[in-house]
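Here are the chains, one letter per residue:
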Amino acid sequence: MEEPTKAIKEIHPDPSATSGVHPMENLLRMERMPHIWCPTCGIGLAVTAFTAALTKANIDTNKMSIVSGIGCTGRVAGYVKLDSFHTTHGRPIAFGTGIRVANPGIKVVVFSGDGDLIAIGGNHFIHAARRNIDMLVICVNNFIYAMTGGQVAPTTPLAAYATTSPYGCVEPPFNIPYIADSAGAVYVARWTTLHVRRLTNSITEALQKTGFSVVEVISPCGMYYSRINRLGDGLDMMRFYHDNVEIRNGEDTKNLDIGFQTKIICGKFVDRERPSYMERYNQWLSEVKGARGEG
Amino acid sequence: MKFWRKPLDLDKITVPHGEVHIFKDRCKGCAFCVEYCPKDVLDMSEEFNIKGYHPPYVKNPDDCLECHLCEMLCPEFAIFVTLKEEEKSAKVPINKGEK
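Report follows, based on the coordinates. Quantities reported herein were computed from a predicted structural model and do not represent experimental measurements.

**Here's the deal with the overall build of chain A**
Logical step 1: Within chain A, the regular secondary structure consists of eleven helices and ten strands.
Logical step 2: Over its C-alpha trace chain A gives a radius of gyration of 20 Å, about what one expects of a compact globule, namely 19 Å for 295 residues.
Logical step 3: Taken along its principal axes, the extent of the C-alpha atoms in chain A is 70 × 55 × 30 Å.
Logical step 4: By the burial criterion, 53% of the 295 residues in chain A qualify as buried.
Logical step 5: Put simply, 68% of the contacts in chain A that link residues at least 6 apart link residues at least 24 apart.
Logical step 6: Accessible area of chain A: about 12,900 Å², with a carbon and sulfur share of 53%.
Logical step 7: Side chains of chain A give 29 positive and 27 negative charges; the mean places of these two sets differ by 2 Å.

**Some remarks on unusual backbone geometry**
Logical step 1: Of the consecutive residues M33(A) and P34(A), the connecting peptide bond is found in the cis state with omega at 5 degrees.
Logical step 2: Examined against the element boundaries, P34(A) turns out to sit in the loop between α1 (6-11) and α2 (43-57).
Logical step 3: Even without a glycine there, the phi angle at D40(B) is positive, about 50 degrees.
Logical step 4: With respect to the helices and strands, D40(B) occurs in the loop between α1 (32-36) and β2 (42-44).

**Focus: the sheet that holds strand β2 (residues 83-86) of chain A**
Residue and element names in this part refer to chain A.
Logical step 1: Spatial strand order, β2-β1-β3-β4-β8-β7-β10-β9: eight strands in an open sheet with mixed pairing. Each of the sheet's edge strands pairs with one partner strand only, and the pair in question is β2 and β9 (245-247). Each adjacent strand pair in this sheet contributes to an overall mean axis angle of 20 degrees, direction not counted.
Logical step 2: The pairing of strand β3 (residues 107-113) with strand β4 (residues 135-141) spans six bridges and is parallel. Paired with F111 across the two strands is I138, which belongs to β4.
Logical step 3: Strands β1 (64-68), β2, β3, β4 and β8 (212-218) of the sheet are contacted by helix α4 (residues 92-102), whose axis makes an angle of about 175 degrees with β3.
Logical step 4: In the packing of helix α8 (residues 196-208) onto the sheet, the strands contacted are β1, β3, β4, β7 (187-192), β8, β9 and β10 (264-271), and the crossing angle to β7 comes to about 160 degrees.

**Some remarks on the interface of chain B and chain A**
Logical step 1: Counting residues at the interface gives 30 residues for chain B, matched by 42 residues for chain A.
Logical step 2: Between chain B and chain A, a total of about 2,900 Å² is buried, with carbon and sulfur atoms accounting for 62% of that surface.
Logical step 3: On inspection of chain B and its partner chain A, the count reaches two salt bridges.
Logical step 4: Put simply, R26(B) and E25(A) hold a salt bridge, and the shortest N to O gap is 2.8 Å.
Logical step 5: Applying the counting rule to chain B against chain A returns ten residue pairs in polar contact (both at pLDDT 80 or more).
Logical step 6: Mapped onto the side of chain B that touches chain A, the elements with two or more residues apiece are β1 (18-22), α1, α2 (69-72) and β4 (79-83) of chain B.
Logical step 7: Grouping the amino acids of the side of chain B that touches chain A by side-chain chemistry returns 18 nonpolar, two polar and ten charged.

**Here we look at the packing of aromatic side chains**
Logical step 1: Scanning all chains against the criterion turns up seven aromatic pairs over all chains.
Logical step 2: Ring geometry for W37(A) and Y79(A): centres 5.2 Å apart, planes at 80 degrees, overall edge-to-face. Residue W37(A) is found in the loop between α1 and α2, and its partner Y79(A) is found in helix α3 (residues 76-79); the two are separated by 42 residues along the sequence.
Logical step 3: For W37(A), a relative accessible area of 3% puts it in the buried group.
Logical step 4: For R5(B), the ring lying beneath its charged end belongs to W4(B), and the centroid distance is 5.7 Å.
Logical step 5: Across from the ring centre of F23(B), 4.1 Å away, lies the NZ or CZ of R26(B), which sits over that ring.

**With respect to the environment of T40(A)**
Logical step 1: Mapping T40(A) onto the fold places it in the loop between α1 and α2.
Logical step 2: A relative accessible area of 9% means that T40(A) is categorised as buried.
Logical step 3: Note: C-alpha distance between T40(A) and D236(A) (196 residues apart in sequence) is 9.4 Å.
Logical step 4: Look past the residues within four positions of T40(A) in its chain and what remains in contact with it is P220(A), G222(A), D233(A), G234(A), L235(A), C30(B) and F32(B).
Logical step 5: For T40(A), the side chain forms a polar contact with the main-chain nitrogen of G234(A), separated by 3.2 Å.

**Here's the deal with the pairing of β7(A)**
Looking along a regular strand, one sees side chains alternate from face to face of the sheet.
All names here are of chain A.
Logical step 1: Burial runs high along β7: six of the six residues are buried.
Logical step 2: With burial as the criterion, each face of β7 is covered, one bearing Y187, A189 and W191 and the other bearing V188, R190 and T192.
Logical step 3: Bridging between β7 and β8 involves six bridges; their strand directions are parallel. Its bridge partner being in β8, A189 is matched across the sheet by V215.
Logical step 4: For the handedness criterion, the β-α-β arrangement of β7, α8 and β8 is classed as right-handed.

**Comments concerning the pattern of salt bridges**
Oppositely charged side chains can pair when the atoms bearing their charge come close.
All names here are of chain A.
Logical step 1: This structure, assessed with the given rule, holds 18 salt bridges over all chains.
Logical step 2: For K209, the salt bridge is made with E273, and the minimal N-O distance between the two is 3.2 Å. Of this pair, K209 sits in the loop between α8 and β8 while E273 sits in the loop between β10 and α11 (277-292), placing them 64 residues apart in sequence.
Logical step 3: Overall, the relative accessible area of 10% leaves K209 in the buried class.
Logical step 4: Through salt bridges that share partners, E205, K209, K268, D271 and E273 make up one connected network.

Conventions and cut-offs
- Residues numbered from 1 in each chain as written.
- Chains lettered and ligands numbered in written order.
- Predicted model: local features only at pLDDT ≥ 70, side-chain atom pairs only at ≥ 80, totals over all residues.
- Heavy atoms only, no water.
- Helix = DSSP H or I, 4+ residues; strand = E, 2+ residues; numbered from the N terminus.
- Rg over C-alpha atoms; globule rule 2.2 N^0.38 Å.
- Buried < 20%, exposed > 50% of the residue type's maximum accessible area, 1.4 Å probe, protein only.
- Contact = heavy atoms within 4.5 Å.
- Areas by Shrake-Rupley, 256 points an atom, 1.4 Å probe, with all protein chains shown as cover.
- Lys, Arg positive; Asp, Glu negative; His and termini not counted.
- Charge placed at Lys NZ, Arg CZ, Asp CG, Glu CD.
- Pairing = 2+ DSSP bridges.
- Axes fitted to C-alpha atoms, helices over the stretch in contact; angles between N-to-C directions.
- Buried area = accessible area lost by both parts, 1.4 Å probe.
- Salt bridge = Lys/Arg side-chain N within 4 Å of Asp/Glu carboxyl O.
- Polar contact = N/O pair within 3.5 Å; in protein donor to acceptor, adjacent residues only side chain to side chain.
- Nonpolar A, V, L, I, M, F, W, Y, C, P; charged D, E, K, R; others polar.
- Phe/Tyr/Trp six-rings, centres within 6.5 Å; stacked < 30°, edge-to-face > 60°.
- Lys NZ or Arg CZ within 6 Å of the ring centre and 35° of its normal.
- Right-handed = clockwise from strand over helix to strand, strands pointing away.

Okay, structure coming up:
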């Protein structure tokens, strides 16, 4: 890590810091901290789980790339010390596909929010799952467009308030594990930010898979979703997850709809094998070239 | 530490003790670590940090069992746990929690 300049040290003196270095600092760009996420936001916990999983999975971080789109979660790529891409709105999967196809030695992680991946990037999401491109998608779902001021997102539960739904949301929300499963993802899991250990294990497992893996992370949004709906702050949302989450591994993804303040079903739902895009492509190419006598 | 029955291998296994390190000026006062510490080691302090939030402080330093849950639940990367210095060189096998 680069040594912070003297000026930065003077602006951010840390006299209370105890001796020692935080164990995750080697994977984070500490010169960009403090991050922009509000107090009691859950995205920091998703990053914690991700860095812990990287350490646990023992992966060569030089052969890894993290791609983010726009939004609160889109900032993650800037804070994690890997080869980072901060891309246009909704297109992280398209950029990730490009990286993966151009250099198949690189493991791609797409770390973005629900508004970025499922709304604007919805088509990229389903088509990447259909092609089974080898990447891990971590989708942080906070039920709202948080960075732009709390507008209705395609994951906002029915009857939940947002700045653009003053009488409650009338649109049925997307069920992200169901979309991923039906489009052909090989690994689908959902956890809340409270289940950090299980989330870490899930990300570790998904990093080892070849194919399109999706991990949905339900995160509290203390500043918009729970403030507009009068649900308290992020700590109250964490207490809600503690009381209302049911873990059902292997559950049929049809049953995973999330209503407003209803039970949330978490777990690992899909873990299967399908030939990935690059495997299919290379096999097809060698067959065609063999038939033409070019191989 | 209290047990509801005496474990059979109590003499063979030592319970680790951790030391909690807090970067007070990184804290944004979300209180996740205080809420979910299984041994109630931490508590919110009355003092302010450089940003104007109340950081946590170590209330019961001897109760920490080095489970690293506060480290995992901190969104600001402001808290971490190490094994106590005197236990690092201990020869007895230490029953480490899941990391």
